[in-house]
Amino acid sequence: MKARSFRVLTSLLATLTALGAAAQEEGVLDSAVVRNRLYRPAGHPELSLSVGLPVQTHLTAHYFFDVGLAYNLFDTLAVEARAGYAASRHTGLARSISESFLDRQDKKITDELEDLWQMNFHGVAGVRWAPVYGKLSLVSDIPAHFQAYLWAGGGVGSFKRKSVIQCSHVVDRTAGVCDDRTSLDDRGTAREDFWVHETRVAPVVSGALGFRFFILDKHGVKLEVRDWIFRDSYRVNLLRDDWEAGRETGEKAPSPGLTHLVQFDLGYTFSF
Amino acid sequence: MRTFPRLALLFTALPALALAQVSSGEQPVPAPGPESAIPPEPVSASPQPEPPRAPRERPPPVTPAIQHAPVRAIEASAPAPDAPVAMPTPAPPPASADDTPDLSSEGPRTTDASQQRLVNGAPLYDPNVNVHIVQKKRFADEGHHEVVLYPAVVQLNGKYTNHVGTALHYVYHLQENFGVQLAGQYNWYSDESHFNLELIDKVREQAQAASSLLLQWGVQAGVEVTPLYGKFAFLNNSLAQFSVVLSGGAGLGATRHLIRPAVANEVDGQTFQVPARYGDTGTKFLGSVGGGFRLQFGESYSIRLEVRDLLYTARVDKVDGCSLSDFEAMETARAGNQPFSDLKLSGGCKVEKFDGVDPKTKKNYREDIILGRDLVAEPSSDVLNNVSFYAGFSILF
């Protein structure tokens, strides 16, 4: 979820930026094709609602629900604050790993897996730069006016982390049970699990590349790819005997790297 | 492992960046169409709808030579064969703020018969014609050949695998919005992902063989359609036209699987670095769907930014042509230190790949038999989606 996701956003940003300048190439330029803007957001505040879905999931999956307030300083530049909640969960792969690793007693020393932090509440403020204004001919007579933009900003988020390795109270090793379920085959009957949990509040950086399609006078639809970036943190050199006895073990990874949560956001905007 | 894909990514952006540098300093070329006369600097700051208000504000044109249809919109999805690509008429000075030109100042233009040229059945400057939505395409694709080079194709959804390659496509545009396509791709980097290696290292789990199959190369035939096109302004002073491209195809691709990662081999006090070893897992059926943008520069060049999903069926029951029974026979012979020449193996099994010693690294190939057997011990199958970002440029002729 880290380097791979980052590549997606970086490549799109780089190429879009280059495209703008490349548009000056002779033969493509037209002195006044879309120079006149039908929609001019400058000076208008804006409210937006968005839902974010994960582009790809490895060990965690996030579903973002955000509210944004923006003020358009110019037609091409706006400041925006976004806040919301990300519903997150472990993927089936993470659950499968946790269950099978309980019984893998030949592995006495190991490290925690990367990218297991799950974001919940978050708030960021940033700048939206929309250098591209265009028209798309959907069918012969239906124009779609759009802006393409880059978004960058930062803020804070609350995070939780549930280990898939450290079970402090193994209930059934063979069946991979580390909770108080009443039925062995039904994890839904569990009220509490014994995996090691952590929580924290940490800085978050976010960047996005998106399109805003104008609809009527005040409405709009946004499509964007957004990357939420935060510093990872996990422990290494864990001893199985210690964690299964409920003792803290290992030390923090010296260079944990960054975690990227790449989302596809679908949003609605209303301009006042 | 992580730095290599990032370097490849930077390489991906090079064509676009290079064009961006070349493009500086170019002067815009005026083009025909009613929007050419629209002033660049608006007065009103509030969004306004885009009604064709011109007929109310403009006196009837003097166009006796042409018989017009009543109010109708001009469909501009294809270049008109009888219309020139660019008109020499310079754009008049700005006079209005919204998307509708102030046609009251354009009266004299309509007296020019050349400007009354029919485009799809209606004249460009007819006051009774709706404002053109998107200017007609300036360059025709129909009948043209297009060769597209994608210097770097980078996989985006590399959960268990990473691929970076180069692709070459040929498109013949049968019609303005439809073409046939031949596509070839070679992945000069294909390896298991950092995530998969992390699972192996930390929890002794890994993706099934079929899920971590690597695509070496692929060839396809297919079609390409360009249902939409549009235009955009960059910072109000640079304009470009683009097409939305959709494509699909089918073909064949060669696959392989990692048998053993790179290791250090110590022999007689000397350490040899043994490169990773891959096993051939056969040629698979390949399909693809994709979409993206084509940004045209002049009549002969364009930049393409696309995302394609290569789908291929993956069933791993043989590695280097050897099945599970072949590996078991070889393993038994290896344990007994017997030659493989007497073994009765299946016809396609490349036994020489698992026998002998590499003269450079002193690595005994027989040590890889057990690794190959593990791959086919539990035959696995999957349908893989290799979603990649394609950045390239093309030449039309």
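Note that the structure is a prediction, hence the values are computed from the model and not measured.

**Here we look at the overall build of chain A**
Assigned secondary structure in chain A consists of 3 helices and 12 strands. The buried share of chain A, reckoned over its 272 residues, is 54%. A total accessible area of about 10700 Å² is found for chain A, and carbon and sulfur atoms account for 61% of it.

**As for the pairing of strand 11 (residues 301–316) of chain B**
All names here are of chain B. With 12 bridges joining them, strand 10 (residues 277–297) and strand 11 adopt antiparallel strand pairing. Residue pairing across strands places Val289 opposite Asp309, the latter belonging to strand 11. Counting the residues in the hairpin turn of strand 10 and strand 11 gives 3 residues, including Gly298, whose phi is positive at 65°. Relative to strand 12 (residues 380–396), strand 11 runs antiparallel, the two sharing 16 bridges. Opposite Asp309, over in strand 12, you have Val387 as the bridge partner.

**Brief notes about the pattern of salt bridges**
Enumeration over the complete set of coordinates arrives at 34 salt bridges over all chains. Between Glu205 of chain B and Arg104 of chain A there is a salt bridge; the shortest N-O distance is 3.5 Å. You can see Glu205 of chain B sitting in the loop between helix 4 (194–203) and strand 6 (214–234) and its partner Arg104 of chain A sitting in the loop between helix 2 (92–102) and strand 4 (109–110), one on each of two chains. With a shortest N-O distance of 3.9 Å, Arg277 of chain B and Asp320 of chain B are connected by a salt bridge. You can see Arg277 of chain B sitting in strand 10 and its partner Asp320 of chain B sitting in the loop between strand 11 and helix 5 (324–335), a full 43 residues away along the chain. As far as burial versus exposure is concerned, Arg277 of chain B and Asp320 of chain B are alike and both buried. Ionic contacts of the salt-bridge type, sharing partners, join the residues Asp141, Glu146, Glu224, Arg294, Arg304, Glu306 and Arg308 of chain B into one network.

**Examining unusual backbone geometry**
Residue and element names in this part refer to chain A. Not every positive phi belongs to a glycine, and Asp115 is a case in point at roughly 60°. Within the secondary structure, Asp115 is located in the loop between strand 4 and strand 5 (117–139). Its identity is not glycine, yet Asn237 carries a phi of approximately 60°, on the positive side. Looking at the element boundaries, Asn237 is found in the loop between strand 9 (235–236) and strand 10 (238–239).

**Thoughts on the confidence of the model for chain A**
Residue and element names in this part refer to chain A. Across chain A, the average pLDDT comes to 84, with 85% of residues at 70 or higher. Of all helices and strands in chain A, the one with the weakest mean pLDDT is helix 1 (residues 3–22) (49), whereas strand 2 (residues 60–72) scores best (95). In this model residues 15–35 is a low-confidence stretch, pLDDT under 50, and it forms 87 contacts with partners more than four residues away in sequence or in other chains.

**Some thoughts on the confidence of the model for chain B**
Residues and elements named next belong to chain B. Mean pLDDT for chain B: 72, with 65% of residues reaching 70 or above. Low confidence marks residues 9–110, where pLDDT is under 50. Its contacts with residues over four positions away, or in another chain, come to 215 contacts. In the model, residues 126–134 has pLDDT below 50 throughout and makes 40 contacts with residues more than four positions away in sequence or in other chains.

**Digging into the layout of surface pockets**
All names here are of chain B. For the second largest pocket, the calculated volume is near 570 Å³. Along its surface, the second largest pocket is lined by 20 residues, and Gln206, Ala207, His257, Asp374 and Leu375 are the ones closest to its centre. Considering every element that reaches the lining of the second largest pocket, the biggest residue donor is strand 7 (residues 238–260), with 4 residues. For the lining of the second largest pocket, the two domains that each supply at least three residues are domain 1 (1–23 + 135–312 + 385–397) and domain 3 (318–378).

**Here we look at the packing of helix 2 of chain A against helix 4 of chain B**
When two helices pack together, their arrangement is given by the angle between the helix axes and the distance between those axes. Their axes nearest at 12 Å, the elements helix 2 of chain A and helix 4 of chain B cross at an angle of 20°. The orientation of helix 2 of chain A with respect to helix 4 of chain B, classified from their angle, is roughly parallel. For the crossing formed where helix 2 of chain A meets helix 4 of chain B, the hand is right-handed. Judged by residue contacts, Leu93, Ile97 and Phe101 of chain A of helix 2 of chain A engage Phe195, Leu199, Lys202 and Val203 of chain B from helix 4 of chain B. For the contact of helix 2 of chain A with helix 4 of chain B, the residue count by class is 6 nonpolar, no polar and 1 charged.

**As for the packing of aromatic side chains**
All names here are of chain A. Here the structure, examined in full by the defined rule, presents 16 aromatic pairs over all chains. With a centroid separation of 5.8 Å and 45° between ring planes, the pair formed by Phe146 and Phe213 is classed as tilted. Linking Phe146 in strand 6 (residues 142–167) with Phe213 in strand 7 (residues 195–215), this pair joins segments that are 67 residues apart in sequence. The partly exposed category is assigned to Phe213, whose relative accessible area is 23%.

**Overview of the nonpolar core**
Formed by 27 residues in total, the largest nonpolar core has its most connected members in Val316, Val319, Phe327, Met330 and Phe354 of chain B. In this structure, this core is formed jointly by two domains, domain 1 (1–23 + 135–312 + 385–397) and domain 3 (318–378) of chain B, each of which donates at least three residues. The contacts of Phe327 of chain B, once residues within four sequence positions are left out, are Val319, Cys322, Phe354, Ile369, Gly372, Arg373 and Val376 of chain B. Listed in part, the 18 residues of the second largest apolar core include Val132 of chain A together with Phe234, Phe242 and Ala391 of chain B.

**With respect to a nonpolar patch on the surface**
Residues and elements named next belong to chain B. Taken together, Val147, Leu149, Leu168, Tyr301, Phe393, Ile395 and Phe397 make up a surface patch of nonpolar side chains, about 630 Å² in accessible area. Contributions of two or more residues to the nonpolar patch are made by strand 3 (145–155) and strand 12. With respect to the element layout, Phe393 can be found in strand 12. Taking relative accessible area as the criterion, Phe393 reaches 33% and is therefore assigned partly exposed.

**Details of the state of the cysteines**
One pass over the full model with this rule turns up 2 disulfides over all chains. Here Cys167 of chain A is linked by a disulfide to Cys178 of chain A, with a sulfur-sulfur distance of 1.9 Å. Between Cys167 of chain A and Cys178 of chain A, the S-S torsion sits near 100°, and that sign places the bridge as right-handed. Of this pair, Cys167 of chain A sits in strand 6 while Cys178 of chain A is found in the loop between strand 6 and strand 7, placing the two residues 11 residues apart along the sequence. Judged by relative accessible area, which is 0%, Cys167 of chain A ranks as buried. A sulfur-sulfur distance of 2.0 Å marks the disulfide that ties Cys322 of chain B to Cys349 of chain B. Residues Cys322 of chain B and Cys349 of chain B are joined through a disulfide that is right-handed, its torsion about the S-S bond being 85°. With a gap of 27 residues between them, Cys322 of chain B in the loop between strand 11 and helix 5 and Cys349 of chain B in the loop between helix 5 and helix 6 (369–377) connect regions that are remote in the sequence. Residue Cys349 of chain B is classed as buried on the basis of its relative accessible area of 10%.

**What about the side chain of Glu192 of chain B?**
Residues and elements named next belong to chain B. As for its placement among the helices and strands, Glu192 is situated in strand 5 (residues 178–192). The buried charged residue Glu192 lacks any salt bridge partner; its closest oppositely charged side chain belongs to Arg256, at an N-O distance of 9.7 Å. Side chain to side chain, Glu192 and Asn196 meet in a polar contact 2.8 Å long.

**Considerations on the side chain of Glu146 of chain B**
Residues and elements named next belong to chain B. When you line up the elements, Glu146 lands in strand 3. Here His173 takes part through its side chain, which lies 2.7 Å from a polar atom of the side chain of Glu146. With near-sequence residues (within four places) excluded, Glu146 lies in contact with His169, Tyr170, Val171, His173, Arg294, Ser302, Arg304, Ser394, Ile395 and Leu396.

Rules of the game
Residues numbered from 1 in each chain as written. Chains lettered and ligands numbered in written order. Predicted model: local features only at pLDDT ≥ 70, side-chain atom pairs only at ≥ 80, totals over all residues. Heavy atoms only, no water. Helix = DSSP H or I, 4+ residues; strand = E, 2+ residues; numbered from the N terminus. Buried < 20%, exposed > 50% of the residue type's maximum accessible area, 1.4 Å probe, protein only. Areas by Shrake-Rupley, 256 points an atom, 1.4 Å probe, with all protein chains shown as cover. Pairing = 2+ DSSP bridges. Salt bridge = Lys/Arg side-chain N within 4 Å of Asp/Glu carboxyl O. pLDDT = per-residue confidence, 0-100. Contact = heavy atoms within 4.5 Å. 1 Å grid on protein atoms, 1.4 Å probe; cavity = no way out; pocket = protein on both sides within 12 Å on 5 of 7 lines; lining within 4 Å. Points joined across faces, edges and corners; volume = space filled by probe spheres on them. Domains from an automatic or database assignment. Axes fitted to C-alpha atoms, helices over the stretch in contact; angles between N-to-C directions. Parallel < 35°, antiparallel > 145°, perpendicular 65-115°, else oblique. Left-handed = near helix turned anticlockwise from the far one by under 90°. Nonpolar A, V, L, I, M, F, W, Y, C, P; charged D, E, K, R; others polar. Phe/Tyr/Trp six-rings, centres within 6.5 Å; stacked < 30°, edge-to-face > 60°. Core = buried A, V, L, I, M, F, W, Y, C linked by side-chain atoms within 4.5 Å. Patch = residues over 30% accessible without salt bridge, like charges linked within 9 Å, V, L, I, M, F, W, Y side chains within 5 Å. Disulfide = S-S within 2.5 Å. Lys, Arg positive; Asp, Glu negative; His and termini not counted. Polar contact = N/O pair within 3.5 Å; in protein donor to acceptor, adjacent residues only side chain to side chain.

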